[in-house]
Structures are given as C-alpha cells and as structure tokens.
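As a plain string of letters, each chain reads:
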Amino acid sequence: MTDSNGPVAPAAGPLLGPAEIRELAERAGIRPTKTLGQNFVLDGGTVRKIVRGADIVPGERVVEVGPGLGSLTLGLLEAGADLVAVEIDPVLAGLLPDTVRRHVPDATVTTVDLPATEADPATLTLVRGDALDVRELPGRPPTALVANLPYNVSVPVLLTFLEHFPTLERVLVMVQAEVADRLAAPPGSRTYGVPSAKAAWYADARRTITVGRSVFWPVPNVDSALVRMDRRTPPTTSATREQVFAVVDTAFAQRRKMLRAALAPLAGDSASAAAAIEAAGVDPQARGEALDIDAFARIAEHLPAEALVHRGPAPARRRR
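Residues numbered from 1 in each chain as written. Predicted model: local features only at pLDDT ≥ 70, side-chain atom pairs only at ≥ 80, totals over all residues. Heavy atoms only, no water.

Caption draft 1: The overall build of the protein, seen in detail. Check the secondary structure of the protein and you find twelve helices and ten strands. Here the C-alpha radius of gyration of the protein, 21 Å, is about what a compact globule of 320 residues would show, namely 20 Å. For the protein, the spread of C-alpha atoms along the three principal axes comes to 70 × 40 × 30 Å. Buried positions account for 53% of the 320 residues belonging to the protein. Of all intrachain contacts in the protein linking residues separated by at least 6 positions in sequence, the fraction that spans at least 24 positions is 69%. In the structure as shown, the protein presents an accessible area of about 13,800 Å², 51% of it carried by carbon and sulfur atoms. Positive and negative side-chain charges in the protein, numbering 35 and 37 respectively, have mean positions lying 6 Å apart. (Helix = DSSP H or I, 4+ residues; strand = E, 2+ residues; numbered from the N terminus. Rg over C-alpha atoms; globule rule 2.2 N^0.38 Å. Buried < 20%, exposed > 50% of the residue type's maximum accessible area, 1.4 Å probe, protein only. Contact = heavy atoms within 4.5 Å. Areas by Shrake-Rupley, 256 points an atom, 1.4 Å probe, with all protein chains shown as cover. Lys, Arg positive; Asp, Glu negative; His and termini not counted. Charge placed at Lys NZ, Arg CZ, Asp CG, Glu CD.)

Caption draft 2: Structural detail: the packing of aromatic side chains. Per the counting criterion, the structure on display carries six aromatic pairs. Between tyrosine 192 and phenylalanine 252 the ring centres are 6.0 Å apart and the planes differ by 70°, which places this aromatic pair in the edge-to-face class. Of this pair, tyrosine 192 sits in the loop between helix H6 (177-184) and helix H7 (194-202) while phenylalanine 252 sits in helix H8 (residues 241-253); the two residues are 60 residues apart in sequence, bridging distant segments of the chain. In this pair, the class of tyrosine 192 matches that of phenylalanine 252, namely buried. Centroid distance phenylalanine 252 to phenylalanine 296: 6.0 Å. Interplanar angle 50°. Geometry classified as tilted. Of this pair, phenylalanine 252 sits in helix H8 while phenylalanine 296 sits in helix H12 (residues 293-301), placing them 44 residues apart in sequence. Each of the two residues, phenylalanine 252 as well as phenylalanine 296, counts as buried. (Phe/Tyr/Trp six-rings, centres within 6.5 Å; stacked < 30°, edge-to-face > 60°.)

Caption draft 3: Focus on the pattern of salt bridges. For the structure on display, the rule yields 19 salt bridges. Close ionic contact of glutamate 20 with arginine 102 constitutes a salt bridge, the shortest N to O distance being 2.5 Å. With glutamate 20 in helix H1 (residues 18-27) and arginine 102 in helix H4 (residues 90-103), the pair connects residues that are 82 residues apart, well separated along the chain. Comparing glutamate 20 with arginine 102 shows no difference in burial state: the two are buried. Through salt bridges with shared partners, a single ionic network connects Asp55, Arg206, Arg228 and Asp230. (Salt bridge = Lys/Arg side-chain N within 4 Å of Asp/Glu carboxyl O.)

Caption draft 4: Structural view of the pairing of strand S5 (residues 124-128). Burial within S5 is extensive, with four of its five residues counted as buried. Alignment of strand S3 (residues 82-87) against S5, held across five bridges, turns out to be parallel. Within the sheet, the bridge partner assigned to valine 86 lies in S5 and is valine 127. Inspection of the sheet shows strand S4 (residues 109-113) paired to S5 by five bridges, in the parallel sense. By the bridge assignment, threonine 111 is partnered in S5 with leucine 126. (Pairing = 2+ DSSP bridges.)

Caption draft 5: Structural context of the nonpolar core. Within the largest apolar cluster, 66 residues are counted, with the highest numbers of intra-cluster contacts made by Phe161, Phe296 and Ile299. Contact partners of phenylalanine 161, with chain neighbours within four places excluded, come to Val63, Val65, Ala131, Val134, Leu137, Leu145 and Leu168. (Core = buried A, V, L, I, M, F, W, Y, C linked by side-chain atoms within 4.5 Å.)

Caption draft 6: Main features of H8. With 13 residues, H8 should cover 18 Å at 1.5 Å per step; its first-to-last C-alpha distance of 18 Å lies within 8% of that length. Every buried residue belonging to H8 is among Arg241, Gln243, Val244, Phe245, Ala246, Val247, Val248, Asp249, Thr250, Ala251 and Phe252, and all of these are buried. Elements that come into contact with the buried residues of H8 comprise helix H5 (154-164), H7, helix H9 (259-262), helix H10 (264-267) and H12. (Expected span 1.5 Å × (residues − 1).)

Caption draft 7: Region of the structure containing unusual backbone geometry. With an omega of 10°, the peptide bond between leucine 114 and proline 115 qualifies as cis. Assignment of secondary structure puts proline 115 in the loop between S4 and S5. Geometrically, the link from tryptophan 217 to proline 218 is a cis peptide bond, its omega value of -10° lying close to zero. With respect to the helices, strands and loops of the structure, proline 218 is situated in the loop between strand S9 (216-217) and strand S10 (224-231). Despite not being glycine, aspartate 55 has its phi angle at roughly 55°, a positive value. Relative to the elements of secondary structure, aspartate 55 occurs in the loop between helix H2 (44-53) and strand S2 (61-65). We classify aspartate 55 as partly exposed; its relative accessible area is 43%.

Don't take any of this as a statement about function, it's just geometry.
Below you can see the structure in the form of structure tokens.
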C-alpha cells in the first residue's frame, strides 16, 4: 500500500515531525477523530520525555501497544530498545515498517500476525492483532511496556499485559488524565475504584506528569497524563487473583452500599457477608472505596469459593 502512493519525503531526523505525521495520515487515508480516540503525538520533546520516564536500558525487550504512525516507536528505537509492537489497524501496521526504515536506515522489521509466537530476530517485531487477545509474544518476554493508549481500552490493555506477562517490571503509559487519576488513586480517595484496586494487585502506580493538549493532532478535548507502574509482589493470600477481583467488582458495583450489603450476593445474605468481612478484620459498615487490595484479598479468603466466579464487565474492545 505504501509503494502505490509514491515516495514519502526523506526523514529529516530520528523522530517524526508534524508535517510527516500529517503526510503519513493522508497517505493512509486516515481522518483522525476525537470520538475514536485517534490523537497522534506531534511533539518530539514529549516523545523523548515518555521514553526517559520509562528508564529504558539499551537492548531491553520493550512492548509497545498501538504504535499508530510510529512517533513513540521511533523514540523507543532511538533509546536502543529491542522492540515488539502490537497494532490492530492493518493500514497503520502496513505503514510502520517503511517509516521505521526511513528514520533508522539499518533497522530490520519482522511482521507477524497473532497468535504467532515466533519471529525472526529484528530491530522491530510488529505483531498485527488486538492487544486484548495477546497471551504470548514472539522473542524474549518484555520487561517494560511503554505506550500511548486510546482512552477506551487503556485499563483493559494494562490489566491484560500485567496478567499475562509477569516479566514486566515497569509500565509507562500516556492515558487520559482522568484515567491516570483512577489508576493511581489511593484507598479513600474520590477517584479510587475498580481500576485502582486491580492495578494495585500487580504494581505500585503513580501519576507523573500532565501532557498538554497542544502536542496532539487533532487537539483532544481533555488533558493526558503519564502513569508509571512498578511491579510489586501480589498480596499473600490463599485466594486466587480471580476470586479477589470478583470481590472488587462486586464491592464497587454499588459503591454507595456498605460492604455487608454490597457483598451479600457472594455470601448468600448480608449476615453471612458481615461475618466474612469481620473475619477478615474489616468493618462491615465500610465501603469498598476504603479498602486496599490486601483487605479485598482477606475478605475473599472468607467467602465461599464457588461464589467467587469473576463477574466483572466484559473488557472494552478497541475501536478505530
């Protein structure tokens, strides 16, 4: 597809500039829309700020989700990452190899389709498919995830990769500022909820910097922010992760209810729920927003295992 539309101007530097981004989008027939979360980073300084914040070590295996036109991809390659990128859009996936080769002349690119788990060694391994379906990746398992995530799938993508890639030591993602607040929120805060509690099972999360709207094209209606996550040891518990997450989902399904009422469906009735909650050392009159992930794990240990079938909402699917 890229050859049929004629040559693109030679790269003027290691990263994409605004003119080239718009040219690539035109060649691909892309008309980015705010409603689909298609906002491309125009500013090279922002790209390098993201890469620095991820503490990438040259030669480190890094996974990028949703490389799009390649702005962050080139920044990660500039830092020496051994990169694997997952892209759902076939048009964008078709453009990326040529973009990489123009900016990194000695780069090699291998493209495979999910669910492939093998690929020839390359500077960039491009995996075509839905990030929410990824269970394994070609080559060495990644130790870092760095991405500019669309707002509508950011939390499901993060939880999917943290679950299936225990080798991930660090995550640095750019997300909608509101999502960043929810991921990093501590118990007791207004924004604490299901994403906060589930993320805490895997990692310590913190919001680092706010990213202004002007660095994107088109300019979004909301600010973005970077979230840094560092892998932590999950709570010590006899309950499984699925069982703990079932308690989290149920507790927040009606977040205004006290736990003894909110968890009654899992225990059979409110009295049994209260007994289980008290056995876990938690106040039955507390609400889910007051509990950290360790408390949810203790409660799960005292509830009937057969009731703790994960009943969370179906994961969002990425839209383009």
